[in-house]
Amino acid sequence: MISLAAIQQGLNDFVALGGWVVALLLCVSVIAGAAVLWKLWHLMSLRIGAHAPLETALDLWQAGQRGAARQSLAQARGPLAELTRRAMAAPEPQALRPRLQTETEIQAARSEAGMRLLDAIAQTAPLLGLFGTVLGMIEAFQTLQSAGASVDPAQLAGGIWVALLTTALGLGIAMPVSLFLSFVESRIARESQSAALMIEALCGPALPEGAPARAELNRAVQTAGE
């Protein structure tokens, strides 16, 4: 079993090998990991994407089954479900369209918390790695110049791969953060679509009898967006 002292010693050797840029990138990686874990918790707390009971309730509402819609909505959780519950309890939900749009925009802004930090990490980490590589290459060529004709190729190659280590570390941080950002952005986009469907279902005109509820709502939302 690897001891804590051995891990600490290996980490110190790794930092000493790459210099202060590697130490900075390791700090960035810790911040990125903490930000990713917090964002996952944040998405779960806001119930982003968990709207199956809400969609069922909206279908029932559009079909004219108001009591069944409210009963189905009782199983839904999250800010969007709570907003829908309040709208369904209002005497005239159609009059609440401006208020619903404002509150869903506020919820969308809340769901984007922490995105700028992750985006900054994804963009800055490769640049830090490249900066460390440039510094390492400068040092390697200074060694080459001072050694003159007696330069050791093995020593020069060792200096170059140590310099490239920072770029590899920067890319290793940026790539998973970028993938996570894409995942979060897709979830938030689907949440905005769910909010638009909710507003259209509660405040839009009644659907034709026998029309597929979800398809008609999607068409109405797309028309409103145009």
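Residues numbered from 1 in each chain as written. Predicted model: local features only at pLDDT ≥ 70, side-chain atom pairs only at ≥ 80, totals over all residues. Heavy atoms only, no water.

## Observations regarding the pattern of salt bridges
Part 1 of the reasoning: Applying the stated criterion across every chain yields a total of one salt bridge.
Part 2 of the reasoning: Arg-99 is paired through a salt bridge with Glu-103; the nearest N and O atoms lie 2.6 Å apart. Of this pair, Arg-99 and Glu-103 both sit in helix H6 (residues 97-111), separated by four residues, roughly a single helical turn. (Salt bridge = Lys/Arg side-chain N within 4 Å of Asp/Glu carboxyl O. Helix = DSSP H or I, 4+ residues; strand = E, 2+ residues; numbered from the N terminus.)

## Some words on the nonpolar core
Part 1 of the reasoning: In terms of nonpolar packing, the biggest core is built from 24 residues, with Leu-25, Leu-118, Ile-121, Ile-173, Val-177 and Val-184 touching the most fellow members.
Part 2 of the reasoning: The set of elements that each furnish at least two residues to this core consists of helix H2 (20-45), helix H7 (115-147) and helix H8 (153-203).
Part 3 of the reasoning: Excluding its chain neighbours within four sequence positions, the residues that come into contact with Val-177 are Ala-32, Leu-118, Ile-121 and Ala-122.
Part 4 of the reasoning: If you look at the next biggest cluster of nonpolar residues, it comprises 19 residues, including Leu-80, Met-88, Ala-195 and Ala-201. (Core = buried A, V, L, I, M, F, W, Y, C linked by side-chain atoms within 4.5 Å. Buried < 20%, exposed > 50% of the residue type's maximum accessible area, 1.4 Å probe, protein only. Contact = heavy atoms within 4.5 Å.)

## A word on the UniProt feature "transmembrane region" (unreviewed entry) in the protein
Part 1 of the reasoning: According to UniProt, the positions carrying the feature "transmembrane region" (unreviewed entry) are residues 20-41, 117-138 and 158-184.
Part 2 of the reasoning: Along residues 117-138 the backbone is 100% helical and 0% strand, and the end-to-end C-alpha distance reaches 31 Å. (UniProt positions renumbered as here; feature names shortened; annotations may be inferred.)

## Looking at a nonpolar patch on the surface
Part 1 of the reasoning: Nonpolar side chains collect at one region of the surface, where Trp-20, Leu-24, Leu-130, Phe-131, Val-134, Leu-135 and Ile-138 lie side by side and expose about 630 Å² of accessible area between them.
Part 2 of the reasoning: For the nonpolar patch, the element with the most residues is H7, which contributes five residues. (Patch = residues over 30% accessible without salt bridge, like charges linked within 9 Å, V, L, I, M, F, W, Y side chains within 5 Å. Areas by Shrake-Rupley, 256 points an atom, 1.4 Å probe, with all protein chains shown as cover.)

## Focus on helix H4 (residues 66-73)
Part 1 of the reasoning: The complete set of buried residues in H4 reads Ala-69, Ser-72 and Leu-73. All buried residues of H4 fall inside an arc of 100° around its axis, so they share one side. (Arc of directions from axis to C-beta.)

## Some details on the packing of aromatic side chains
Part 1 of the reasoning: With the rule as written, the count across this model stands at one aromatic pair.
Part 2 of the reasoning: Note on Phe-180 and Phe-183: the rings are 6.2 Å apart at their centroids and 40° apart in plane angle, and the pair reads as tilted. A residue pair is termed a helical-turn pair when its members lie 3 or 4 positions apart in one helix, as Phe-180 and Phe-183 do in helix H8 at three residues. (Phe/Tyr/Trp six-rings, centres within 6.5 Å; stacked < 30°, edge-to-face > 60°.)

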